[in-house]
Amino acid sequence: MVAQVATLAFLGLEARPVEVQVQVAAGSFGFQIVGLPDKAVRESRDRVQAALGAMGLALPPKRITVNLAPADLEKAGSHYDLPIALGLLGALGVLDAETLMSFIAIGELALDGRLSPSPGVLLAALNAAQRDIGLICPAAQGPEAAWLAAGRQGLEVVAAPDLAALVAHLKGSRPIAPPEPAQLKARPFAGPDLADIKGQELPKRALEIAAAGGHNLLMCGPPGAGKSMLAASLPGILPELSPAEALEVAMIASVAGELDGQTIARTRPFRAPHHSASMPALVGGGSRARPGEVSLAHLGVLFLDELPEFPRSVLDSLRQPLERGAVEVARAEAHVTWPARVQLVAAMNPCRCGHLDDAALACARAPRCAADYQARISGPLLDRIDLHVDVRAVSAADLSLPPPAEGSREVAARVARARALQAERWKDEGVRTNAEADGRLLEAHVAMAEDARRLLRQAAEAMKLSARAFTRVTRVARTIADLAEDAEVGRAHVAEALGFRRQPPRS
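A count of helices and strands for the chain gives 22 helices and 18 strands. In terms of overall dimensions, the chain has a C-alpha envelope of 85 × 50 × 45 Å along the principal axes. For the chain, restricting intrachain contacts to residue pairs at least 6 apart in sequence, the fraction spanning at least 24 positions comes to 74%. Of the accessible surface of the chain, which amounts to about 21,700 Å², a share of 52% is contributed by carbon and sulfur atoms.

The structure is reproduced here in structure tokens:
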């Protein structure tokens, strides 16, 4: 007899249907899995056999063959445990084979029969809703599947704690109650408030502009000037994710196995990888093509501290994601695309010792070391950063000042108003913020005063701005005008945007 159970193979955010076919035939005992399984899938036979043994079921002395179709698609991950076990129970007559065909199953089995969380349940729930069939998943991940099912009538979610409870449910003897949907809410912000940062008015202004338009930002200054603290305060002034955006972010976290099953967060991601991160860790890839930090930060912030300390090849791998908002990982067996619409915030010292402007602390090679140190970052990458700001050392006089009258709450309100203007402007163009608008959209939708256009043309010639830099200055100027709630981009807005362009390193 052959039993069939549906499951999925994950390639990026694409879920490809996989049919688990289980045959129990006469012959000497054997348990074979075919269909391009990886090591984790091949080990499923031991976990399945142990889980069935924990239920008091022994495998018959027959030949068991599990085929994962289509056979030419590589299968990876431990989530094939549950569909293999269910298919085996169907082939043995313990479960009704017709009932099994009305579900997608995903989950890892423990040796005692418990169902352990597996990556990709949220994506599996979406696929099940599109195919109008049910979903079987571990109990710990039931809330996330139920949250997606809440907006899609007819999606049945069975979230079982263990294999024995699942069998009892499918046989109708002990039904499992539907899981409660996960809550869609913002997590409390634990970072610093802008009111806690004394001085640094120019970097704070750059931070506000970056938050309002989704622009990339580079802060350069000596150690201890507050660059990391400024970056950590950015999530506190960013607007919450919309429900649709929260689903996008949750999908990536689910496939990466980093989703909290009880909460779907509306807080924007903030990822801060160490400068020793490899290229696959940062942009994605590896033997199983997992999402990297740039994708896990989708619709949020990717903070790279000590930017020149990252390997140059790793930094240059960010150029395409920053431009296109997606990562494409090409492998011989698969081509995977991950969304990566991130806001890059980077921090660096002006030179290796960090004290270029302080003659008492600077090293013997200053100022020649500045050009060498900053040359570790390629020009094309710097050209993709909209805002460049110098962060000066905070003086004792600044530290003795009272706290600023304006904190993150006040700045966040201005950012929210600016984002609302952008949402209205770009609602029919498929972009969310000014930073995503290309030159064609800017020409069509950005009204600019004649004296502002003249200043921009003159600056482009004097500063030798590339076409990309010219477009980015226009985007920033539009964001500055949005913060001022001005319908037209004026000369002052363009002048401020030009002030944040990169200056050549001092030598």
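Don't stop here, the text continues.
This paragraph deals with helix H5 (residues 121-131). Among the 11 residues of H5, eight are classified as buried, and the element is accordingly described as predominantly covered. Taken residue by residue, H5 has Val121, Leu122, Leu123, Ala124, Ala125, Leu126, Asn127 and Ala128 as its buried positions. Asp132 sits one or two positions beyond H5 and adopts a positive phi of about 60 degrees.

Pairing is parallel in the open sheet, where five strands are placed in the order E13-E14-E17-E11-E18. Each of the sheet's edge strands pairs with one partner strand only, and the pair in question is strand E13 (270-271) and strand E18 (387-390). Direction of pairing for strand E11 (residues 217-220) relative to strand E17 (residues 343-348): parallel, over a ladder of four bridges. If you follow Leu217 over to E17, its bridge partner there is Val345.

Following Ala69, the chain continues to Pro70 via a peptide bond in cis, the omega torsion being 5 degrees. Among the secondary structure elements, Pro70 is positioned in the loop between strand E4 (63-69) and helix H3 (81-91). Unlike most non-glycine residues, Gln200 shows phi in positive territory, near 55 degrees. On the basis of relative accessible area, Gln200 is assigned to the buried category, the value being 11%. One non-glycine residue with positive phi stands out, namely Lys464, at about 55 degrees. By secondary structure assignment, the location of Lys464 is in the loop between helix H20 (450-462) and helix H21 (467-483). The exposed category is assigned to Lys464, whose relative accessible area is 72%.

All right, on to the layout of surface pockets then. Taken as a whole, the largest pocket encloses approximately 620 Å³ of empty space. As for the largest pocket, its lining consists of 35 residues, of which Gly214, Arg341, Thr433, Ala435 and Glu436 are closest to the centre. Counting residues per element, the ones that place at least two in the lining of the largest pocket are helix H14 (319-324), helix H18 (408-425) and H21. Split into classes, the residues belonging to the lining of the largest pocket amount to 12 nonpolar, 10 polar and 13 charged.

To describe two helices that pack against each other, one gives the angle between their axes and the distance between the axes. Between H18 and H21, the shortest axis-to-axis distance is 8 Å and the interhelical angle comes to 120 degrees. Comparing their axes, H21 and H18 come out oblique. Between H18 and H21 the crossing geometry is right-handed. Of the residues in H21, those in contact with Arg414, Val415, Ala418, Leu421, Gln422 and Arg425 of H18 are Arg478, Asp482 and Leu483.

This brings us to the side chain of Ser78. You can see Ser78 is positioned in the loop between E4 and H3. Among all residues touching Ser78, those that are not within four sequence positions of it are Ala40, Arg47, Gly107, Glu108 and Ser118.

Right, let's get into the environment of Ala124. For Ala124, the location among the structural elements is in helix H5. Ala124 gets classed as buried once you look at its relative accessible area, which sits at 0%. Note: C-alpha distance between Ala124 and Pro17 (107 residues apart in sequence) is 9.8 Å. If near-sequence neighbours (up to four positions away) are discounted, Ala124 is found in contact with Leu8, Phe10, Ile104, Ile106 and Leu135.

Another point: the pattern of salt bridges. Within the structure shown, the criterion is met by 31 salt bridges. Note that Glu293 and Arg271 form a salt bridge whose closest N and O atoms lie 2.7 Å from each other. Taken together, the residues span a long stretch of sequence, with Glu293 in helix H12 (residues 293-296) and Arg271 in strand E13 at a distance of 22 residues. Take Glu293: its relative accessible area is 17%, and that puts it in the buried class. Within the structure, one salt-bridge network assembled from shared partners comprises Glu323, Asp383, Arg384, Asp386, Arg468, Arg472 and Arg501.

Turning our eyes to something else, we now look at the nonpolar core. Judged by nonpolar contacts, the single largest core of 104 residues is most densely connected at Leu86 and Leu135. Not counting residues within four places of it along the chain, the set of residues in contact with Leu135 comprises Phe103, Ile104, Ile106, Val121, Ala124, Ala125, Ala128, Ala145, Glu156, Val157 and Val158. Core analysis: the second largest hydrophobic core is formed by 53 residues, Ala347, Leu455, Ala469 and Ile480 among them.

Calculation rules
- Sequence order as written defines residue numbering, which begins from 1 separately in each chain.
- Local features in this predicted model are restricted to residues of pLDDT 70 or higher, and side-chain atom pairs are both shown and tallied only at a pLDDT of 80 or more, whereas totals for entire chains, interfaces and linings draw on every residue.
- In computing side-chain properties, one takes all heavy atoms of the structure into account and sets aside hydrogens as well as water.
- Strands are runs of DSSP state E lasting at least two residues, helices are runs of H or I lasting at least four, and both sets are numbered from the N terminus onward.
- In this analysis, two residues are considered to be in contact whenever any of their non-hydrogen atoms come within 4.5 Å of each other.
- All accessible-area figures derive from a Shrake-Rupley calculation using a 1.4 Å probe, and residue coverage is judged against the displayed protein chains alone.
- Partly exposed describes any residue whose relative accessible area lies between the buried limit of under 20% and the exposed limit of over 50%, with all areas from a 1.4 Å probe on protein chains only and scaled to the type maximum.
- Think of it this way: DSSP has to see at least two bridges between two strands before they count as a pair.
- Both site types are read off a 1 Å grid over the protein atoms alone. A 1.4 Å probe that fits but cannot get out defines a cavity, while an open set with protein on both sides within 12 Å along at least five of seven lines defines a pocket; lining residues have an atom within 4 Å of a point.
- Grid points are joined across faces, edges and corners, and a volume is the space filled by probe spheres set on the points.
- Polar here means any residue other than Ala, Val, Leu, Ile, Met, Phe, Trp, Tyr, Cys and Pro, which are nonpolar, and Asp, Glu, Lys and Arg, which are charged; Gly is therefore polar.
- Lines fitted to the C-alpha atoms define the axes, with helices restricted to the stretch that makes contact. Angles between their N-to-C directions range from 0 to 180 degrees.
- Angle categories: roughly parallel below 35 degrees, roughly antiparallel above 145, roughly perpendicular from 65 to 115, and oblique for all the rest.
- The sense of a crossing depends on the near helix, which, turned anticlockwise from the far helix by less than a right angle, makes the crossing left-handed and, turned clockwise, makes it right-handed.
- When a carboxyl oxygen of Asp or Glu lies within 4 Å of a side-chain nitrogen of Lys or Arg, that pair is called a salt bridge.
- Definition used in this section: a nonpolar core is a set of buried Ala, Val, Leu, Ile, Met, Phe, Trp, Tyr and Cys residues joined via side-chain atoms within 4.5 Å.

By themselves, these are just geometric observations and shouldn't be taken as functional.
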